[in-house]
Amino acid sequence: MPERGEGTIVERPLRLDYDYTAGLAQSRFLKGIAQKKILGERCPKCGKVYVGSRGSCPTDGVATDGGEVDLPHKGTLTTFCVVNVPFAGQSVECPYASGYILLDGADIPLMGLIQEIPHDQVRMGLRVEAVWEDEVGPTLQSIKYWKPTGEPDADYETYKMHL
Ligand SMILES: [Zn+2]
C-alpha cells in the first residue's frame with residue numbers, strides 16, 4: 001500500500017451529455033431572456049419577487065402567480081468571490097469576480113460575472129448593470145456580464161436580508 005502522499009495520477013477523458021428540461025416557470029423566465037427581459041414572478045402571499053422562479057414560493061408553498069414583474073437590468077452585488085484557480089472549460093482569464101446580483105425590485109439574486117472593474121476593486125454593495133450579448137437566446141449566457149453603473153454603492157441595510 002502506498003504511503004500517504006504517494007500515488008499515480010491517471011488522466012482519463014470524460015464526457016457527459018445531458019439535456020436540461022427547464023419546466024414551465026424556468027421556460028417563462030428563459031423566454032423572457034430571449035427577448036432581453038428579466039422576468040420575475042411574485043408570490044401572492046408574501047409578495048416576494050423570485051427571478052429565475054421555480055414556479056412556487058419555498059416559504060409559502062404556493063404558486064408564484066401573483067404577477068409577472070419586468071425587472072430592471074440593474075441591481076446590487078450582494079456577495080462575490082474572486083476566482084484564482086483555472087479549471088477545464090473556463091472561458092474567462094483568471095483572476096475574475098463572480099457574484100450574486102440582487103436586481104432592483106427582486107428578492108432573490110441572480111449569479112453573474114463582474115467585469116469592467118479590476119477584480120480587487122469589486123465589493124459588496126457595488127451597483128451593476130447587465131451587458132447583453134448582441135445575439136440573445138433562451139439562456140443566461142445571453143447576459144455577457146455585469147458592469148459597474150457608476151452609482152454610489154448601495155447601503156448594506158438595503159440588501160442585508162438578501163445575502
Ligand atoms: Zn411567499
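Please refer to the structure placed before this passage.
Asker: It is not clear to me how the environment of Gly-55 should be interpreted in this structure. Could you clarify?
Answerer: Within the fold, Gly-55 resides in the loop between strand S2 (49-51) and strand S3 (68-71). Discounting residues that sit within four places of it in the chain, Gly-55 has contacts with Ala-25, Glu-41, Val-62, Ala-63 and Thr-64.

Asker: Please clarify how the coordination of the zinc ion should be interpreted in this entry.
Answerer: As a benchmark, a tetrahedral metal site with four donors has ideal angles of 109.5 degrees, while an octahedral site with six donors has ideal angles of 90 or 180 degrees. Every protein donor of the zinc ion is accounted for by Cys-43 (SG), Cys-46 (SG), Cys-57 (SG) and Asp-60 (OD), and the metal-donor separations fall at 1.8 to 2.3 Å. Taken together, the 4 donor atoms coordinating the zinc ion span angles of 105 to 113 degrees at the metal, a pattern that classifies the geometry as tetrahedral. The sequence pattern describing where the donors of the zinc ion fall on their chain is C-x2-C-x10-C-x2-D. Here Cys-46, found in the loop between strand S1 (38-42) and S2, pairs with Asp-60, found in the loop between S2 and S3; they are 14 residues apart in sequence, far enough to count as distant.

Asker: Would you mind showing me how to read helix H1 (residues 23-33) here?
Answerer: Since the α-helix packs 3.6 residues into each turn, any two residues three or four apart lie on the same face. If you check which residues of H1 are buried, you get Ala-25, Gln-26, Phe-29, Leu-30, Gly-32 and Ile-33. Down the axis, H1 shows its buried residues gathered within 155 degrees of arc, on one side only. Exposed side chains of H1 directed beyond 90 degrees from the buried face belong to Leu-24 and Lys-31. In this structure, the buried residues of H1 make contact with S1, S2, strand S6 (110-114), strand S7 (127-132) and strand S8 (143-148).

Asker: I tried to follow unusual backbone geometry on my own but got confused; where do I start?
Answerer: A negative phi holds for most residues other than glycine; trans holds for most peptide bonds. A cis amide bond links Cys-94 to the next residue, Pro-95, at an omega of -10 degrees. In this model, Lys-36 sits at a positive phi of 60 degrees, which is unusual for a non-glycine residue. When you line up the elements, Lys-36 lands in the loop between H1 and S1. You can call Lys-36 partly exposed: its relative accessible area is 37%. Of note, the phi angle at Glu-116 is positive, near 65 degrees, even though the residue is not glycine. With respect to the secondary-structure elements, Glu-116 resides in the loop between S6 and S7. By relative accessible area, Glu-116 is classed as exposed at 54%.

Asker: Even after reading the chapter, I still don't get the sheet that holds S2, so can you show me in this structure?
Answerer: Hydrogen bonds between backbone atoms are what pair the strands of a sheet, whose relative direction is either parallel or antiparallel. The 3 strands lie next to each other as S2-S1-S3, forming an open sheet whose pairing is antiparallel. If you trace the sheet from one side to the other, it starts and ends with S2 and S3, each paired once. The average undirected angle you get between the axes of adjacent strands in this sheet is 35 degrees. Examined bridge by bridge, S1 and S3 share 4 bridges and lie antiparallel to one another. Paired with Gly-40 across the two strands is Val-69, which belongs to S3. Contacting S1 and S2, H1 crosses the sheet at an angle of about 150 degrees to S1.

Calculation rules
- Per chain, residue numbering runs from 1 following the sequence as it is written.
- Only residues with pLDDT of at least 70 get local features here, since the model is predicted, and only at 80 or more are side-chain atom pairs given and counted; chain-wide, interface and lining totals rely on the full set of residues.
- Excluding hydrogens and water, the side-chain values take into account all heavy atoms of the structure.
- In this description a helix means any DSSP run of H or I spanning at least four residues, a strand means any run of E spanning at least two, and both kinds are numbered starting from the N terminus.
- The contact definition used throughout considers only heavy atoms, calling two residues in contact when any of these lie within 4.5 Å.
- Counted as coordinating are nitrogen, oxygen and sulfur atoms within 2.8 Å of the metal, or 3.2 Å for Na, K and Ca, while water is not included, which may make sites look incomplete.
- Only four donors with every angle between 85 and 135 degrees are called tetrahedral; only four or six donors with opposite donors over 155 degrees apart and all others between 65 and 115 are called square planar or octahedral, in that order; all others are irregular.
- Under the scheme applied here, a residue whose accessible area is under 20% of the maximum for its type counts as buried, over 50% as exposed, and between as partly exposed, the area being computed with a 1.4 Å probe on protein chains only.
- It is the directions from the helix axis to the C-beta atoms whose arc is reported.
- Strands are labelled as partners when DSSP assigns at least two bridges between them.
- To obtain an axis, a line is fitted to C-alpha atoms, over the contacting stretch when the element is a helix, and the angle between two such axes runs from 0 to 180 degrees between their N-to-C directions.

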